[in-house]
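# An overview of the molecular structure
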Amino acid sequence: MLTIDEQKSLHILGYLYFRMGLYEKAERLLKALLEVTENNPYDVSVFALLASVSILQKNGAAALEYLENVFDGNVLTGRKVIYYLLKAQALFLENRSDEAKNMLDMYLLYKGNK
């Protein structure tokens, strides 16, 4: 089992791969991280990052699957508002325009209420 510091380090490394455009490496590392951890504080962020990678790879279906682990039924506020935008992008990739617009509206609504 990985310590919290090790989990955080792998999460940061996955993020760095993402920022460098090494999407396949980021995806492999982040999926591996999820496999060896359970309910760690970084899980939601890891799922959101995997959704971002999927969106950049034009895979809306995969992004939506990852985002299922991000949305817990509560209204997302603060820094988590960006998840609405991610979901809008994933829905758009899946040609679900009306739902994408609704998510974009949610993003704009809650972003304005910070």
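Structural data are supplied above this passage.
Quantities reported herein were computed from a predicted structural model and do not represent experimental measurements.

### Side note on the overall build of the protein
For the protein, the count of helices and strands is 6 helices and 0 strands. Moving toward the C terminus, one meets the helices and strands of the protein in the order α-α-α-α-α-α. Here the C-alpha atoms of the protein give a radius of gyration of 14 Å, agreeing with the 13 Å that 2.2 N^0.38 yields for 114 residues. Each principal axis of the C-alpha distribution contributes one length, and for the protein these read about 40 × 30 × 20 Å. Expressed as a percentage of the 114 residues in the protein, the buried residues total 36%. Taking all contacts inside the protein whose residues are at least 6 apart in sequence as the whole, residues at least 24 apart take part in 48%. Summed over its atoms, the accessible surface of the protein is roughly 7300 Å², and 52% of this surface lies on carbon and sulfur atoms. If you average the places of the 13 positive and of the 14 negative side-chain charges in the protein, the two averages end up 9 Å apart.

### Examining the pattern of salt bridges
On inspection of all chains with the given rule, the structure shows 3 salt bridges. A salt bridge links D105 to K101; the nearest nitrogen and oxygen atoms lie 3.0 Å apart. One end of the pair, D105, and the other, K101, are both in helix α6 (residues 97–111), 4 residues apart, so they sit about a helical turn from each other.

### Topic: the environment of V75
Counting through the fold element by element, V75 comes out in the loop between α4 (60–67) and α5 (82–93). Excluding residues that lie within four positions of it along the chain, V75 makes contacts with Y84 and Y110.

### Focus on helix α3 (residues 43–56)
A rise of 1.5 Å per residue sets the reference length of α3, with its 14 residues, at 20 Å; its end C-alpha atoms lie 20 Å apart and thus fit the reference within 8%. Within α3, 11 of the 14 residues are buried, which leaves it mostly tucked inside the rest of the structure. All of the buried residues along α3 are D43, V46, F47, A48, L49, L50, A51, S52, V53, S54 and I55. Buried positions along α3 lie against α1 (4–19), α2 (23–36), α4 and α5. After α3 finishes, the residue K58 shows a positive phi value of roughly 65°.

### Description of the side chain of S54
Residue position: S54 is located in helix α3. In this structure, S54 is in contact with N59, A62, A63 and Y66, ignoring residues within four places of it in sequence.

### A few points about the packing of α5 against α6
At their nearest, the axes of α5 and α6 sit 8 Å apart, and the two run at 165° to each other. When the interaxial angle is binned, α5 and α6 end up roughly antiparallel. Crossing of α5 over α6 shows left-handed handedness. Side by side, α5 and α6 meet where I82, Y84, L85, K87, A88, L91 and F92 of the first sit next to E99, A100, M103, L104, M106, Y107 and Y110 of the second. Its residues placed into classes, the contact of α5 with α6 shows 12 nonpolar, no polar and 2 charged.

Parameters and conventions
Residues numbered from 1 in each chain as written. Predicted model: local features only at pLDDT ≥ 70, side-chain atom pairs only at ≥ 80, totals over all residues. Heavy atoms only, no water. Helix = DSSP H or I, 4+ residues; strand = E, 2+ residues; numbered from the N terminus. Rg over C-alpha atoms; globule rule 2.2 N^0.38 Å. Buried < 20%, exposed > 50% of the residue type's maximum accessible area, 1.4 Å probe, protein only. Contact = heavy atoms within 4.5 Å. Areas by Shrake-Rupley, 256 points an atom, 1.4 Å probe, with all protein chains shown as cover. Lys, Arg positive; Asp, Glu negative; His and termini not counted. Charge placed at Lys NZ, Arg CZ, Asp CG, Glu CD. Salt bridge = Lys/Arg side-chain N within 4 Å of Asp/Glu carboxyl O. Expected span 1.5 Å × (residues − 1). Axes fitted to C-alpha atoms, helices over the stretch in contact; angles between N-to-C directions. Parallel < 35°, antiparallel > 145°, perpendicular 65-115°, else oblique. Left-handed = near helix turned anticlockwise from the far one by under 90°. Nonpolar A, V, L, I, M, F, W, Y, C, P; charged D, E, K, R; others polar.

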